[in-house]
Structures are given as C-alpha cells and as structure tokens.
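# Structural overview
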Amino acid sequence: MKNGYFTMNDYVAVVQERFSDPNFVKKLMTGVTTKVGLIEAIEKYNSDNNLNEKERIKYSIGISGHLYITVIRCYKISDSTYVVVGRDNNGYGILNKSEDPNKSNEFDTTISTHVVDVVDISDVWISGYDPDKIGDILTDRSGSGDDKTIDTRELEKILTNLKNDMNSMLSTGELRLLLNKFTYVMKTNKLNEYTYKTKSTAYNLYTSVWTKYISVIKNILVNYTEIGINIDRLLTDRSYSQYYFVIADTDAKTKEIIKEKLLEKHGNDNFVNSHIDGVVEEIYNRTFSTTDIETFKKVITKTPVDGD
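Before going into details, it helps to say that this report is about the structure given with it.

Cut-offs and rules
- Residues numbered from 1 in each chain as written.
- Predicted model: local features only at pLDDT ≥ 70, side-chain atom pairs only at ≥ 80, totals over all residues.
- Heavy atoms only, no water.
- Helix = DSSP H or I, 4+ residues; strand = E, 2+ residues; numbered from the N terminus.
- Expected span 1.5 Å × (residues − 1).
- Buried < 20%, exposed > 50% of the residue type's maximum accessible area, 1.4 Å probe, protein only.
- Arc of directions from axis to C-beta.
- Contact = heavy atoms within 4.5 Å.
- Polar contact = N/O pair within 3.5 Å; in protein donor to acceptor, adjacent residues only side chain to side chain.
- Core = buried A, V, L, I, M, F, W, Y, C linked by side-chain atoms within 4.5 Å.
- Phe/Tyr/Trp six-rings, centres within 6.5 Å; stacked < 30°, edge-to-face > 60°.
- Lys NZ or Arg CZ within 6 Å of the ring centre and 35° of its normal.

It is worth spelling out helix α4 (residues 152–171) at this point. Over its 20 residues, α4 extends 29 Å from the first C-alpha to the last, a length consistent with the 28 Å expected when each residue adds 1.5 Å. Turning to α4, its buried residues number three or more, namely Thr152, Leu155, Glu156, Ile158, Leu159, Leu162, Met166 and Met169. Burial along α4 is one-sided: seen end-on, the buried residues are contained in an arc of 160 degrees. In α4, those exposed residues whose orientation departs by more than 90 degrees from the buried face are Arg153 and Ser171. In this fold, the buried residues of α4 make contact with α5 (175–188) and α6 (200–227). Two or three places before Arg153, at the opening of α4, Asp151 has a side-chain oxygen 3.2 Å from that residue's backbone nitrogen.

Below, the structure is given as structure tokens:
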C-alpha cells in the first residue's frame, strides 16, 4: 500500500482453472487410459483442492447405455465396484423453505447413492448417501486450507455490495468516499487474502471493483494533467460539481484552502457561514492535493513502491 491506498501491486492476479478449457482437460487426462481412470482423476482433483459441490468438476456416469447419473461424489468399495452419489431426477425431491419471507422456497432434487458394478455396468441405487464418505463437501467454504471465516455466497455478497456502493458514489461525484470505501471494505474483510481460483463469480466481482478503483484514480490523474491547479475556480463556480486540484501536503491543509476560498467568495453571508463545514466536506470529496496526485501515480504503477 501507499499512504493508505491500495496499489496495483496489491491486486491478486489469479490464473483460474476453467474445467472446460482444453489445456485443463489435457492435464486432467494425462495418464488416463480407462473410464475408471478418468473418474479417479476427476475425484482426485476435487479432493486435492478441497472443493465443495458447487465448485467441483461436474460430470456424469452413463449406466447400461440409457441412464446417466449427475455425479456429486464417486468412490471405490472394491476393485470391481464403485459407489456413485448423485442427483436423483426420478421426480422425488426436497422442498427447501426459505427463512427470508421475501424469498421463494426452492425445490431441489434429492441426493441418491448408486452401487455400480464396473464389469457388468449394472446400476443398483438407494435413496440417500453416506455422510462419512461425502464428508463436508456440501458445505460452502472460502479461503484456503482450514480458513472458513467466510463462505462463497457471503464473499459474493460483500463484493456485490461494494460494487453497487462504488457505482453510486461515482454517480454522485463522491470520489474520496469511493476510494475510502474500497480501501475499508478490502481491509476489513481481508478480500486480498482469499483464494479465487475456483470461485468464478466472486473473482469476476473482485476484478470489477478493482477495475473501478483504478479507473477512478486514472481519471483523476487525467483531469489533473488537463486542468492543473484550479482551486480558484471556486470563486466563480455556481455548483461545485467538477474536479478541483490544490497545492497542499495534508488533508487538513486542503480543507483549509477550500474554506478560505468559500469565505472569500461569500464574504459575510450568514447562511453560508452557518453551513460552511458541510460545504467544505462536499467539495473536499472531489478535491485532490498535489500530494494525492503523487500518491495516485504510484498506485497505478505496477512496480515496487515504498510502504505506508
């Protein structure tokens, strides 16, 4: 970070695994010579990466040429027999009642267990599944290792809210609030410490808010290059809706200069004087000092930078 701002060096660049990507399939198929070998390769990847049902490689197993099981987990109980735990599409299901009265109930297919003889390719199945074999793969989780402080849905919710808040602040010109909001949410929720490798939706949101953050800073720098120091515009502007730039080395000095300009413009206007602190804060949200500009230049430069 630089002076409390996240820099491009803090952005977490993740090479995501896309299971439909040919290179991934090629890697997965390395050493596979049989159908069972492919099943073992898929299950090994899912297990090694500690993936839950939502994130696992999705695949189906065909039985007797006419039945396909959408697999949740497959494991061997003998050299010739496998247990396939999958979604049951025979018409039976589970009604999941929502605790939120504003949301609809959801109907989900049941989870069933199929005992499959590999040699005969016959299918024998019972409703339900063995929780000792499934473990906690149906539990949503985020992070890596034993880090379960936030699940994937909550991670997506935090990022979605941040994205919406940033868009709202951008539309109203509250640029400092936008930058501060990004920094606060990123730090508070440790959003740079989670793995997004198998979380496409969360990573897309993460990338979106980072793109917005950097875009706002770049836009400020472009305006500074085109406009330069223009704080004297406060003396003539009727509505304080544009960018302002001032020579200052602290936030307090920036606010002081803004206040001086307002007092110079409005003189002894009692109404202005009684509301001047609020007006200063409003203008400060879109006013940046030369010190801010130097910090922003380092923020967008993806090279080693000094610490805070």
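So, next bit.
Moving on, we come to the nonpolar core. Counting residues in each nonpolar core, the largest one holds 37 residues, and the members touching the most others are Leu159, Leu179, Phe182, Tyr196, Tyr213 and Ile220. Mapped onto this core, the elements with two or more residues apiece are α4, α5, α6 and α9 (290–299). Element by element, the count of residues in this core is highest for α6, at twelve residues. Judged by nonpolar contacts, the second largest core, of 18 residues, contains Ile39, Ile42, Cys74 and Val116.

Applying the stated criterion to the full structure yields 16 aromatic pairs. Centroid distance Phe6 to Phe182: 5.8 Å. Interplanar angle 85 degrees. Geometry classified as edge-to-face. Residue Phe6 is found in the segment before α1 (22–29), and its partner Phe182 is found in helix α5; the two are separated by 176 residues along the sequence. This pair shows no difference in class: Phe6 is buried, exactly as Phe182 is. With centroids separated by 6.3 Å and ring planes inclined at 15 degrees, the aromatic side chains of Tyr243 and Phe245 adopt a geometry described as stacked. With relative accessibility at 0%, the residue Phe245 sits in the buried group. Among the aromatic side chains, those forming a connected cluster through ring pairs are Phe6, Tyr11, Phe182, Tyr196, Tyr203, Tyr206, Trp210 and Tyr213. Here the guanidinium or amino end of Lys255 rests over the ring plane of Tyr284, the centre of that ring lying 4.8 Å away.

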